[in-house]
Every structure is written in C-alpha cells, then in structure tokens.
Amino acid sequence: MKRRDFVKGFAVATATATALGQQAPPQAKNPVPATGTVDQGAQAVAPNTASSPAATTRMQQVAEFRTPNIPVTAPDIVATTDVRYFTAARYATLVQLCAIMMPVSSDYPGAIQAGAPEFLDFLLGGSPTDRQAMYNEGLDRLNADTVKKFSVAFAKADAKQADAVIRPYLKGWINDHPPKEKHERFIALVHREIRTATMNSPAWAAAAEASGERTPGVGLYWAPIDPGIETWVSHGTPKASAPVARQAHS
Amino acid sequence: MADKKVDVLIIGSGHTGGLAAKILTEKGISCTMLDAGPMINFERDRTLKPASQLPYRGFDAPGRHPHIFQSSEFSANQWVDEKVIPYNYPVGQQYNWVRIRSVGGRSPFWGRQSFRHSDYEFKSKDHDGFGENWPISYKDLAPFYPRVEGLFRVSGHTDGLPQYPDGNFIEDNAPWSGAMQRFVDAGKKMGVPVTKARSARGVGGLAASINLFIPDAVATGKLTTIPNAIVRQITVDKNTGKTDGVIFIDRHSHREMTLKARVVIVAAGTLETTRLLMISSIANSSGVLGHYLCDQIYGAGIAASVPEARGGKGGRNVTGGGALIPRFRNLETKTPGYLRGYAVNVSSGNGPMDARWFPEYGPTLDKKLEEYNGSGFTTNIMGETLGHYENHVVLNKQVVDAWGMPTLTISTKYGDNEVNMAKDMVDTTAAMAEAAGFEVLVKNYEFNPPGYSIHEQGTARMGDSPKTSVVNKWNQSHDIKNLFITDASVFVSAGWQNPTVTMCALAIRASEYLAEEMRKGNV
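This section reports on the structure supplied with the text. Nothing here was measured: the structure is a model prediction, and the numbers come from that model.

### A few points about the interface of chain B and chain A
Item 1. Each side of the interface is counted separately: chain B has 66 residues, and chain A has 61 residues.
Item 2. Across the chain B to chain A interface the summed buried area is about 5,600 Å²; carbon plus sulfur atoms make up 59%.
Item 3. In terms of surface lost to chain A, no three residues of chain B exceed B:R57, B:R356 and B:Y361, which account for 18% of the buried area on that side.
Item 4. In this structure, the connection of chain B to chain A is made through three salt bridges.
Item 5. One salt bridge connects A:D76 with B:R57, and the closest N-O pair in it is separated by 2.9 Å.
Item 6. On inspection of chain B and its partner chain A, the count reaches 22 residue pairs in polar contact (both at pLDDT 80 or more).
Item 7. If you list the elements that add at least two residues to the side of chain B that touches chain A, you get α2 (42-45), β3 (46-50), β11 (256-266), β13 (301-305), α11 (362-371) and β19 (439-444) of chain B.
Item 8. Its residues assigned to classes, the side of chain B that touches chain A comprises 31 nonpolar, 18 polar and 17 charged.

### Digging into the environment of B:D128
Residues and elements named next belong to chain B.
Item 1. Position of D128 relative to the elements: it lies in helix α4 (residues 124-128).
Item 2. Taking relative accessible area as the criterion, D128 reaches 25% and is therefore assigned partly exposed.
Item 3. C-alpha of D128 to C-alpha of P449: the two residues are 321 residues apart in sequence and 25 Å apart in space.
Item 4. For D128, the side chain forms a polar contact with the main-chain nitrogen of F130, separated by 3.0 Å.

### Some points on the pattern of salt bridges
All names here are of chain B.
Item 1. Across all of its chains, the model carries 38 salt bridges over all chains by this definition.
Item 2. Ionic pairing is found between D216 and K22, a salt bridge with its closest N-O pair at 2.8 Å. Remark: K22 occurs in helix α1 (residues 15-26) and D216 occurs in helix α9 (residues 214-219); sequence separation between them is 194 residues.
Item 3. Of the charged contacts in the structure, one is a salt bridge between R340 and E384, with a shortest N-O distance of 2.8 Å. Of this pair, R340 sits in the loop between β14 (321-325) and β15 (342-348) while E384 sits in strand β16 (residues 376-384), placing them 44 residues apart in sequence. Comparing R340 with E384, the two get one shared label, buried.
Item 4. A cluster of three or more residues bridged by salt bridges with shared partners is formed by R101, E272, R275 and D401.

The rules we used
Residues numbered from 1 in each chain as written. Chains lettered and ligands numbered in written order. Predicted model: local features only at pLDDT ≥ 70, side-chain atom pairs only at ≥ 80, totals over all residues. Heavy atoms only, no water. Contact = heavy atoms within 4.5 Å. Buried area = accessible area lost by both parts, 1.4 Å probe. Salt bridge = Lys/Arg side-chain N within 4 Å of Asp/Glu carboxyl O. Polar contact = N/O pair within 3.5 Å; in protein donor to acceptor, adjacent residues only side chain to side chain. Helix = DSSP H or I, 4+ residues; strand = E, 2+ residues; numbered from the N terminus. Nonpolar A, V, L, I, M, F, W, Y, C, P; charged D, E, K, R; others polar. Buried < 20%, exposed > 50% of the residue type's maximum accessible area, 1.4 Å probe, protein only.

Set out below in structure tokens:
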C-alpha cells in the first residue's frame, strides 16, 4: 500500500469509529449480518442497532480496511534480556560454555553475540523442575570437574582445560534419544540448545541476510485456531459433567 | 425449534469419518458430521516464518507439550493441549497421546506412508499363536484397497512380496541413487528386501479428508458439517436398545444440544472413540472395550555417512531417495527373541548433516559438518507391538477435561519383544550399511514411549464373537446394530504398517455394508 493510501484509510477508520460511538437507534426492519470489527460487534449484539443503511455502509467500509504495512523489529535488535534465573556462578559457567561450544565465525555471530546465554536463562527460568535440575547439576558438575582438575573455575578455564572436562562426555545421538548417562545427557542437550538458541536468533538471521544467504530456520507456523486453547483452560463453567436439569423451552 | 432426526450421524471428520461421509452421501444417504474442533483455514491459520521471529526461538514455551515429541514452536498450536484434555498413566508407564482437534482430524498432518496389511497381520494368530486373528482376511479387503490408493494417489513399486501386497500405484520406476543401490545389494546378500517406499501423493501434497473425501460429500448436497461440537454422550433408546443420537457441547459456549439420528458412526480416533463409548456406557457387553491397545515402536535406528558424497560431492546419482524395508522377520522362519516383525524407513539425504551425530563442538564440529556435508543416511524402525489384554485404558472420573468429560488413564508398556526387535533392527541395518561401504556414525537401540508413533490401535477390536470383541467384521457394534466404528480402534493387531490405508479400506467396506443394510431396512 502506498503511503497516501495508508493515510487515507486510517482517516476513514477514525471517522467511522467516532460516528459509531454516536450512533442513534436505526429504524430498519431487516438486519444485515455482522461482518467484523470490534465496533461493529458491539453494535450487532442488538441487531436492530446495526441495521440502518448508514451503519451498514460504515461497517462495510471498516470491513474492507486492510492492515497497513508497518515494518516491525525483534526486540533483541535493540534490547538485552535480563538474567534472572541462574546463580552468578552457574551463569558464568553457561556463558563460558556458550563461548566454547559456539564461538563467533567470520560470517556469523557466536552464541554470546546471539544472546544465547541470556535466552537460555530465560528459557530455563520457566522450564519444568527436572529440566532446571539437569541444567543446574550439569553446570555445577562442569565447574567442579574443572576446579578439581585444574584448580580453576570453568568460567576462567582456557580452551584446553574446558575440552578436558567436556570431551569425555560428548556422544553422538539421533532422534529423540540423547545419551542416558546423566552428565552425557546434559552435555548433549545443552550443546543442542546453545546451537538452537544461536542459530534461531535474530542476530543469526541478520547475519544471513547480510551475507546474502536465504533466511534460516523458516517453517510453517500455526497460529492458535479459533481462537486458541487458552480460552478453554480459563473457561470454567458451566461444566457438562454436571448438566443442569433440562429446562422447558417456550 | 429443530426437531430433526438425521439419517447418519458421523462423529469425527478425519480420514475414516470423511470417507464414510463420501461413500454414504454418494449413495444418496444424508449425513451429519460433527467434529470436536474448529474448521481450519490454511490461509488464516498458517504462515511461513523464521524461527528467529518466534517468541521462544523455535523451542516453544517450556513444558507446553511434554508428551508430544513432534511438537515445536511452529506446530505447537495444532496439537491438543493436555492441560485442556488431560490424561494420565501409571508411574513408569509413560504414554504419549498425540491428538489434534480440528476438522479433518489428524489427516492433514499424517506421514502419508501407504502400506496394505497382509494375512501375516489378519491371520497373525494362525501364524505364531499370539493374540487373535482378525475376522476378515486379505481377500475381504482386497477390493477396497485399490479404491483407497486411487483416492490417495499412492506412488510405489510393484514388488511381488506376500507380506507387502502390491496395489493400485502410480508406479515408481525411478532408479536408485548409487548409495541406495549399494544398500539394496547389501540387503539382498543378507536376505533383507529393500523396496521403494509407498506414499500418498494426494493433491498438492495433501492427502487429507478435508481435500480428498469431504469435498465429494459436500458436492452431493447431502452432508452437513458442524465444527466445535464435542459429543459427550451417545444416547440409546431404552425401548429399542438402539442408539438414537448424541448429546454434544458447543466448544465455545458450553451450550449442550441434542441431535437425533437413525445411525451413528464413531470415527473420533482410536482412544477418543473408546473414551466416548465408555462415557456413554455402551458397546461393552464383551468387557474388552479399552483393552488390547497396541501401536508401533519408533525411534531406534542408525545414522551413517556415504563416503563418496562428502563435501557436497553427492547429487542425484550418488545419494538421495528413500526406501522401505518391509517386514522380513518371522515369515517363513522363526527369529529368536521376538514375535512379529518390523519395517524400516530408509533415507539418503543430500543436505546438511545433523550436528547431533558428531561428538564434537565449536570449530571442530563446523569442520566435520562441512566435511560430511551431503552424505547423510538414516534408518528408522517401525516395529509391531503386541496388543496384550493388560494394555488398556479406563475412565478417570476424578479428572475431567475443560468440558467436564471424564478423561482416560492409559496403562500400557512395552516388553522384551519390543526390546529384542529394536536390537535386531539396529544391528541388521548397521551391518547392511557397513556392507554398503557407509560409515556408521550412531546406533540407537532406544525406542520411543507408547503412543509416539500416533498409530494407536485396538481397544474396540473387531471379531466374530460378541463375547470377545466390540464390533463385528463389518465394523458394526455387536450390542447396538445401528452403531458403527470406522477408526483404528477396531484393529485386532497393529502390524508394522501405517494403519491409514487399512482404516480407510475398512471404512469404505463398512459404509457400503451400512448403506445396503439401510436400503434393506435392517438398520
């Protein structure tokens, strides 16, 4: 849509909304079915109110209004994610693990530049407790192993020291089956998730665009359908399991 | 007020509900089809998006679908949320119940693998003594399979294997890629058949009830489709003992409504069908309703690399393509350790390798991924599980769903039969891959929990005896003659096959039987 079209369309919508708010009761006897928009819906609950030719015309205008094209930006481009979940020591271990497992390359950001540690802190903060425990214990174990072997925290370990505590637990895996051994499982999953958080980040997508490569990670996204299950979670009554006695209808 | 009695009421609009609607309406019989979910609208409900634009970078909200391994942030909204319609299982017996509630059911989302059953499945008890035979044999369904394959536009190759009956195919005579040919040859030396996969092409890549079956029913002018109608009870006329319709709840408002019908077909999907029958307290004079739940094991397999394709040197003649190893164990010989058999999905890819396959990280991993690029080769099991009586579901009246309906407790587990089967599959396909000159990168003997395959079958099985089965060989309830079930709950055993084409063949057969019975005035 050209800019002048957008301005015109916006003016019409504003005028319509104002007029609908002042709508006098119409007289028509043949209501026109509702076709959309919040304002019209509010009128249509009393069908006669929405049935005047003028109201119908305005509703049709509003119904034909098309969404203007306003470019939007992912928040990660301009803002940072607050770190809230991991303790300082665990978070430092995670940051170091991110730096080691997915460092920056010539064309693409590393996990740090992609905000993977902050994102994983956010993700784990809302995760089930068994998942949180796996991360907490895995990060503690990495740190403890490094201290034991090299008398240095994992967060301060050099690449060789870090490799010495990671590599013994690296295993290949397929499908939905990471290794069963506890620490091997943590290493497999944290590695997987650092890669995912990095490669699905806005920073990675921007780097792909800058280098002329196709947008990564494109999939078919399903929106909530008509209108989404959250409604049913909060919609408590009436319950069909306790039907009221059948009432007589006139 | 409406005071109608519809001719045939169909509960569920997936493959078998949609097919029943098509067959019956084309014979002039009016049908009303209810679905518990909304009408989907591909233009409105789906969008191509990069994961970087999703709130959780593709991970989805933590813990949202703990039992749906197939879920991602892209697909999360299409699945039934277990907080809305809960179910449970005994400690240590995880069950992954994967459900979709929208018009078309799971049919827009299936894998489209299209395999006929054979008498190795229909007469499995005769073959190995376990379980029960089906009350039908291959020859009973043989006239119906080609019709299903025609509707689905199944591509495949004619192989002449008794355990993998040929069909009405769009013939696939494409040559194997070099890597696949070597795998085929390795199989021949080991007595393992490797065949072309058989897959429903559908139309535009979609082989669903909503695009292949229901539009034909709509075209007759005799189909009424009502979305958002959650059937909470199938009702029975106390005087006749026959069903006389249903009570359903509007999904949005929870308004309760009654719909009268001359005949009811239940096609809600195996466990939803059984749940509804249990809630309605019908069709269970045998006492076997809810029992003999079975499916297939998935997840075990191997990942390998085709050496000559590495570094992106593959291409159409070197790598690429899919194949199927149909069941080959326990046919004419006996394999120690387990009954029945498994099939294997085989895939050779030309794309990037999966980072999980390499025990590396950082720049070393990047180097590996570059070096091995385009050389991937995988095998994945589809193994028949045994439908023991103990694998069952019961109603849980203490936990109700968002519409107040009792939920299910699902008690099922796998045993040594499945463990031994998976081990044999991994060892056999790894040996074949090595014989073909591939490098085996990962072997995985572990398989997924029950339910994962989304091929749940049984719990309302068919049979000749009303004492040991829920429906007869025509998918007709033994107890209620005007009640039919067309989904996979009627299966007697699982087989290794994707159940869809057999479900559909049974649905056509049952619908034509029903139409004839209605014409004769018997129903």
